[in-house]
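Examination of the molecular architecture
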Amino acid sequence: MSFGEKIAPFMGRVLISSLFLLAGVHKLQHWDQTAQYMAGHGLSMVGPLLAASVALEIGAGFGLLIGFHTRVMSLMLFVFTMIVNFTLHDFWALTGAAAASAPAEMQLFAKNVAVAGGLLVMVGLGGGAWSYDQFRGGS
């Protein structure tokens, strides 16, 4: 296996996991603002949902970073990303004054679709040579 084949999955995990780790920490630091944003999209039980999303982003994000059960962590983050995408970045449903944010929401939606694609690649291929999964003898 070449150096590129070893480092590419590792760097991919680092880059994608950093998105989720930073998002989870940001939600912790800006709990009230995030809760208001979620409530503004019609979500109920915002507190438990927000806590679950922080736990998932930080927990699965760290698991993905080190390559621990990479396929499972990637699948969980894929499902989470797509649910968030269709629930909170519904640019097609914005009307009135909120319609001004439609281009930004569309950009976030598209970015999340790309991230979801990267996560699906990891579901299929695993964490690569430089991962905890590989260290423990799995993929």
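Note that this is a predicted model, so its numbers are computed, not measured. (Residues numbered from 1 in each chain as written. Predicted model: local features only at pLDDT ≥ 70, side-chain atom pairs only at ≥ 80, totals over all residues. Heavy atoms only, no water.)

1. Things to note about the pattern of salt bridges
Selection rule: A side-chain nitrogen of Lys or Arg and a carboxyl oxygen of Asp or Glu constitute a salt bridge if their distance falls within 4 Å.
Counting across every chain of the model gives two salt bridges. When the shortest N-O distance is used, the salt bridge between D133 and R136 registers 3.3 Å.

2. Describing a nonpolar patch on the surface
Rules: Residues form patches when they are more than 30% accessible in relative terms and have no salt bridge. Like charges link within 9 Å. Nonpolar side chains (Val, Leu, Ile, Met, Phe, Trp, Tyr) link within 5 Å. Only the protein chains shown count as cover for residues, and all accessible areas are computed by the Shrake-Rupley method using a 1.4 Å probe. Under the DSSP-based scheme used, a helix requires at least four consecutive residues in state H or I and a strand at least two consecutive residues in state E, with every element numbered from the N terminus. Any residue under 20% of the maximum accessible area for its type is buried, any over 50% is exposed, and the rest in between are partly exposed; the area is computed with a 1.4 Å probe on protein chains only.
Together, F62, I66, F68, Y132 and F135 make up a nonpolar patch on the protein surface, roughly 520 Å² of accessible area in all. The set of elements that each furnish at least two residues to the nonpolar patch consists of α3 (46-66) and α6 (132-135). Inspection of the secondary structure assignment puts F135 in helix α6. On the accessibility criterion, F135 (71% relative accessible area) is exposed.

3. Quick notes on the confidence of the model for the protein
Detail in the predicted coordinates should be disregarded across regions flagged by low pLDDT. Convention followed: The predictor rates its confidence in each residue with pLDDT, a number between 0 and 100.
Scored by pLDDT, the protein has a mean of 95; 99% of the residues are at 70 or more. Highest mean pLDDT in the protein belongs to α3 (98); lowest belongs to α6 (94).

4. Examining unusual backbone geometry
Positioned with a positive phi, M45 is a non-glycine residue whose angle comes to about 50°. On the secondary structure map, M45 appears in the loop between α2 (31-40) and α3. Since its relative accessible area comes to 62%, M45 is described here as exposed. Of note, H69 is a non-glycine position whose phi angle comes to about 45°, a positive value.

5. Side note on the packing of aromatic side chains
Each aromatic ring pair is characterised by the separation of its centres together with the angle its planes make. Selection criterion: A pair of Phe, Tyr and Trp rings is counted when the ring centres sit within 6.5 Å of each other, with Trp represented by its six-membered ring. The angle between the planes then sorts it: under 30 degrees is stacked, over 60 is edge-to-face, the rest tilted.
According to the stated counting rule, one finds nine aromatic pairs in the structure shown. For the pair F86 and F109, a centre-to-centre distance of 5.2 Å together with 85° between the ring planes defines the contact as edge-to-face. Residue F86 is located in helix α4 (residues 70-88), and its partner F109 is located in helix α5 (residues 102-125); the two are separated by 23 residues in the primary sequence. Taking relative accessible area as the criterion, F86 reaches 47% and is therefore assigned partly exposed. Each ring, one from Y132 and one from F135, has its centre 6.4 Å from the other, and the planes form 45°; the classification is tilted. Here F135 and Y132 lie together in helix α6, a separation of three residues that amounts to about one turn. In this structure an aromatic cluster arises from ring pairing among F86, F91, W92 and F109.

6. Focus on the nonpolar core
If you look at soluble globular proteins, the nonpolar side chains tend to sit buried side by side. To keep things clear, this is the line we draw: Side-chain atoms within 4.5 Å are what join buried Ala, Val, Leu, Ile, Met, Phe, Trp, Tyr and Cys residues into a set we call a nonpolar core. It only takes one pair of heavy atoms within 4.5 Å for two residues to be counted as in contact.
I16, F20, L56, A60, L64, M73, L77, F80, V115, L119 and M122 form the largest nonpolar core, which has eleven residues in total. The set of elements that each furnish at least two residues to this core consists of α1 (3-29), α3, α4 and α5. With residues up to four places along the chain from it excluded, the contact list for I16 reads L64, V115, G118, L119 and M122.

7. Here we look at the side chain of H89
Selection criterion: The term polar contact refers here to a pair of N or O atoms within 3.5 Å; inside protein, the definition further demands a hydrogen-donor-capable atom paired with an acceptor-capable atom, and it admits residues adjacent in sequence only when both atoms are side-chain atoms.
You can see H89 is positioned in the loop between α4 and α5. For H89, a relative accessible area of 10% puts it in the buried group. A polar side-chain atom of H89 sits 2.5 Å from a polar atom in the side chain of E105. In contact with H89, other than residues within four places in its own chain, are Y37, V84, E105, L108, F109 and N112.

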